[in-house]
Amino acid sequence: MRDAADTYLALSDREAENFIALIHSHSGIKLDQDKKSLISSRLLKRLRALGIESFKHYFDYLQTAEGKNHELSEMIDEITTNKTSFFRENHHFDYMTKTYLPTLLERHRFPWKIEINVWSAGCATGEEPYTLAMVLADFVEAARGGTFAILGTDISTQALLRARQAVYERHLIDTVPPAYREKYLMCGKGKQAGNYRVVPELRDRVTFQYMNFVEPYWDIPQHPDIIFCRNVMIYFDKPTRQQMIRKFHERLGPDGLLFIGHSETLNDLNHSFVPVMPTVYRRIAEERRTSGGNRRRSGDG
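All values reported here derive from a predicted model rather than from experimental measurement.

**Student:** Which parts of the structure should I look at to understand the packing of aromatic side chains?
**Tutor:** To describe a pair of aromatic rings, one takes the distance between the centres and the angle between the planes. A full pass over the atoms with the stated rule returns 17 aromatic pairs. Ring geometry for Phe 19 versus Phe 59: centroids 5.3 Å apart, planes at 90°, classification edge-to-face. Separated by 40 residues along the polypeptide, Phe 19 in helix 1 (residues 13-27) and Phe 59 in helix 3 (residues 55-62) bring together distant segments of the chain. This pair shows no difference in class: Phe 19 is buried, exactly as Phe 59 is. Ring plane angle 25° and centroid distance 6.1 Å describe the contact between Tyr 180 and Tyr 184, whose orientation is recorded as stacked.

In structure tokens form, the structure reads like this:
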């Protein structure tokens, strides 16, 4: 079969609309026609990899059983943007460890036995979960008790593969404070020179799994105390965001916290969260919500 680059046809508006609808129905990600050039350039990589000669043939392939089972996730991987970094929006980690977690420990009869559960929803290549692991490891060490577990989920299988490897190039760890870098990152040698890997004792505390926000059932093993879903909802339309917020409320533990990104808001959604600071929200327990008077009701999504 000829190289796809030799027979490449420009992505038509109609073809772009078809791909936009397919991406939205499978992942909830909402793209507009102004993303047409991005869609074209990223999907062209898949055409070349498969030796497919046109966008039409590629779209037709995605409708087949083989395409749905083997290629649809590859296509979503190519489309999704996995932009993240260590210690991004660092004020969130400060609030978690200096304000919220000390209060959480105070409420427990045996605080030294507590397990802090955190969910990084939309974890990309793992920088956020491993940042959480670093700051939580220092927190429980200073508290002289307790432990923690972190779940990272993402729709991109390639991003999850990198997250599980926990290996990062030198320029990616520039935002890690020196004390954390010295304590929790191992410098590679030989073929891994210039790379850094998260230490085993932190990797053991982090679990990664595939998750699609539009699926009706979310397989989350714990009721987390904290959910980080930052700079993720900007990729979804309002009905999808509404459903996500409702399910986040259902999954969170009593008085649990939800952290969202600096460019996001819950103002346009029906929800049962109380803002505690910009981009940080506390879950209202059911019994408190019904007796609290003029609270916003949770939407059905």
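**Student:** What am I meant to see in the pairing of strand 5 (residues 195-198) here?
**Tutor:** Two faces belong to every sheet, and in a regular strand the side chains alternate between them. Pairing of strand 3 (residues 167-169) with strand 5 involves three bridges; the strand directions are antiparallel. Paired with Tyr 168 across the bridge in strand 5 is Tyr 196. Of the pairings in the sheet, the one linking strand 4 (residues 185-187) to strand 5 comprises three bridges and is antiparallel in character. Residue pairing in the sheet places Leu 185 in a bridge with Val 198 of strand 5.

**Student:** What am I meant to see in the packing of helix 1 against helix 4 (residues 65-79) here?
**Tutor:** Packed helices, taken two at a time, are described by their axes: the angle between them and the distance between them. Interaxial distance between helix 1 and helix 4 falls to 11 Å at its minimum, and their mutual angle equals 105°. One way to sum up the angle between helix 1 and helix 4 is to call them roughly perpendicular. On helix 4, the residues touching Leu 22, Ile 23, His 26 and Ser 27 of helix 1 are Leu 72, Met 75, Ile 76 and Ile 79.

**Student:** Any chance you could explain the environment of Phe 86 here in plain terms?
**Tutor:** Residue position: Phe 86 is located in the loop between helix 4 and helix 5 (91-106). Leave out the neighbours within four places in its chain, and Phe 86 touches Glu 127, Tyr 130, Thr 131, Met 134, Tyr 168, Leu 172, Ile 173, Thr 175 and Val 176.

**Student:** Help me understand the sheet that holds strand 9 (residues 273-277), please; the structure alone is not making it clear to me.
**Tutor:** Either a parallel or an antiparallel arrangement is found when strands of a sheet pair, and the pairing is made through backbone hydrogen bonds. If you walk across this open sheet you meet the seven strands as 6-2-1-7-8-10-9, and the pairing is mixed. Two strands in the sheet have a free side with no partner beyond their single neighbour: strand 6 (206-210) and strand 9. Neighbour-to-neighbour, the strand axes of the sheet open up by a mean angle of 20°, direction not taken into account. Note: strand 1 (residues 115-121) against strand 2 (residues 147-154), seven bridges, orientation parallel. Across the sheet, Ile 116 pairs through a bridge with Phe 148, a residue of strand 2.

**Student:** Explanation requested: the pattern of salt bridges in the structure shown.
**Tutor:** Side chains bearing opposite charge may pair, as long as their charged atoms lie close to each other. A full pass over the atoms with the stated rule returns 13 salt bridges. Note that Glu 78 and Lys 45 form a salt bridge whose closest N and O atoms lie 3.8 Å from each other. Here Glu 78, found in helix 4, pairs with Lys 45, found in helix 2 (residues 36-50); they are 33 residues apart in sequence, far enough to count as distant. Under the relative-accessibility criterion, Lys 45 is labelled partly exposed at 48%. Between Arg 162 and Glu 169 there is a salt bridge, and its shortest N-O distance comes to 3.4 Å. Exposure remark for Glu 169: the relative accessible area of 31% places this residue in the partly exposed category. One network of salt bridges, in which partners are shared, links Asp 138, Glu 141 and Lys 183.

**Student:** I tried to follow the sheet that holds strand 4 on my own but got confused; where do I start?
**Tutor:** Sheet architecture is open: three strands sit in the order 3-5-4, paired in antiparallel fashion. Two strands close off the open sheet at either side, each with one partner strand: strand 3 and strand 4. Strand-to-strand twist in this sheet, taken as the mean axis angle between neighbours without regard to direction, amounts to 35°. Packed on one face of the sheet, helix 7 (residues 157-165) meets strand 3 and strand 5 and runs near 95° to strand 3.

**Student:** Please clarify how the nonpolar core should be interpreted in this entry.
**Tutor:** Where a protein is soluble and globular, its nonpolar side chains tend to be buried together. Among the nonpolar cores identified, the biggest contains 45 residues, and Met 75, Trp 119, Phe 213, Phe 248 and Leu 258 are the most heavily contacted of them. Of all the elements in the fold, those that place two or more residues in this core are helix 1, helix 2, helix 3, helix 4, strand 1, strand 7 (226-229), helix 10 (238-251) and strand 8 (257-260). Every residue in contact with Met 75, bar those within four places of it in the chain, is listed here: Leu 22, Ile 23, Leu 43, Tyr 58 and Leu 62. Grouped together as the second largest cluster of nonpolar side chains are 44 residues, Phe 86, Val 135, Tyr 196 and Val 280 included.

About the criteria used
Residues numbered from 1 in each chain as written. Predicted model: local features only at pLDDT ≥ 70, side-chain atom pairs only at ≥ 80, totals over all residues. Heavy atoms only, no water. Phe/Tyr/Trp six-rings, centres within 6.5 Å; stacked < 30°, edge-to-face > 60°. Helix = DSSP H or I, 4+ residues; strand = E, 2+ residues; numbered from the N terminus. Buried < 20%, exposed > 50% of the residue type's maximum accessible area, 1.4 Å probe, protein only. Pairing = 2+ DSSP bridges. Axes fitted to C-alpha atoms, helices over the stretch in contact; angles between N-to-C directions. Parallel < 35°, antiparallel > 145°, perpendicular 65-115°, else oblique. Contact = heavy atoms within 4.5 Å. Salt bridge = Lys/Arg side-chain N within 4 Å of Asp/Glu carboxyl O. Core = buried A, V, L, I, M, F, W, Y, C linked by side-chain atoms within 4.5 Å.

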